[in-house]
Amino acid sequence: MGKKPATYADLEALPEHVVGEIVAGELYVSPRPAAPHLIVASHLGAELTGPFDRGRGGPGGWLILDEPELHFGMDVLIPDIAGWRRERLPGTPRVAASHLAPDWVCEVLSPSTRKLDREAKLPVYAREGVRHVWLLDPVPRTLEVFRLEAEGYRQVGFHSGSAIVHVEPFEALALELFFLWDEHG
């Protein structure tokens, strides 16, 4: 007899100090992120919000959210940051979870989530039509950029160190990687 698929009730039963997600019927439980992970995610969100969400010094037109809960069928995913083009939103969401796939997601890799983010969640994002995925890894200080194409995700950028880069879908921003890594150069 097979293992019973995880349900939302399993997520609700988890302690508050962990992050739970369901992918392909399997419950994944990760510890809350450590400081390097939090710094990268917080700094990236701060960089994107002004020009893309608020339109200050940039084109606007996006809703950028930290750790949104995404429901895709039986899958429940929580990316570190996600963004929706405002033209696709029927209005400002007033619910805890979104069924509308984002246009972009960013996963900050941690030792405890690296395999989950790469192997389990990327195929779900592709299936749901998430056009752009960034994988940020604060340990080797890398940014991998993926674009969804007919055959799946294609890596369209790999950046590392303290570079200043223009990365899709946010090419209008000169993204200072040293700031993401909390280096004040």
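For the structure, check the block above.
These numbers come from a predicted model, not from an experiment.

### Describing the sheet that holds strand β9 (residues 132-137)
Spatial strand order, β3-β6-β8-β9-β10-β11: six strands in an open sheet with mixed pairing. Strands with a single pairing partner mark the edges of an open sheet, and in this sheet they are β3 (62-66) and β11 (152-160). Across the sheet, the axes of successive neighbouring strands diverge by a mean angle of 15°, strand direction being ignored. As judged from the five bridges shared by strand β8 (residues 104-108) and β9, these two strands associate in the parallel manner. Bridge assignment links valine 108 to a residue of β9, and that residue is leucine 136. Seen against the sheet, helix α2 (residues 35-54) touches β3, β6 (81-85), β8 and β9 and runs at an angle of roughly 160° to β8.

### A few points about the pattern of salt bridges
Throughout the structure, instances matching the rule amount to 14 salt bridges. The residue glutamate 67 makes a salt bridge to arginine 32 at a minimum N-O spacing of 3.6 Å. Of this pair, glutamate 67 sits in the loop between β3 and β4 (69-72) while arginine 32 sits in the loop between β2 (26-31) and α2, and the two are 35 residues apart along the sequence. When salt bridges that share partners are traced, they join Glu21, Glu107, Asp117 and Lys121 into one network.

### Comments concerning the nonpolar core
Grouped together as the largest cluster of nonpolar side chains are 23 residues, with contacts concentrated most on Leu44, Trp104, Trp134, Leu136 and Leu175. Where this core is concerned, the elements lending two or more residues are α2, β3, β8, β9, β10 (142-149) and α4 (177-180). With five residues, the single largest contributor to this core is α2. Each residue touching tryptophan 104, except ones within four places of it in the same chain, is listed here: Leu44, Leu48, Trp62, Ile81, Ala82, Gly83, Val130, His132, Trp134, Pro169 and Phe170. One finds Trp84, Ala101, Val133 and Phe146 within the second-largest nonpolar core, a separate group that totals 20 residues.

Thresholds applied
Residues numbered from 1 in each chain as written. Predicted model: local features only at pLDDT ≥ 70, side-chain atom pairs only at ≥ 80, totals over all residues. Heavy atoms only, no water. Pairing = 2+ DSSP bridges. Helix = DSSP H or I, 4+ residues; strand = E, 2+ residues; numbered from the N terminus. Axes fitted to C-alpha atoms, helices over the stretch in contact; angles between N-to-C directions. Contact = heavy atoms within 4.5 Å. Salt bridge = Lys/Arg side-chain N within 4 Å of Asp/Glu carboxyl O. Core = buried A, V, L, I, M, F, W, Y, C linked by side-chain atoms within 4.5 Å. Buried < 20%, exposed > 50% of the residue type's maximum accessible area, 1.4 Å probe, protein only.

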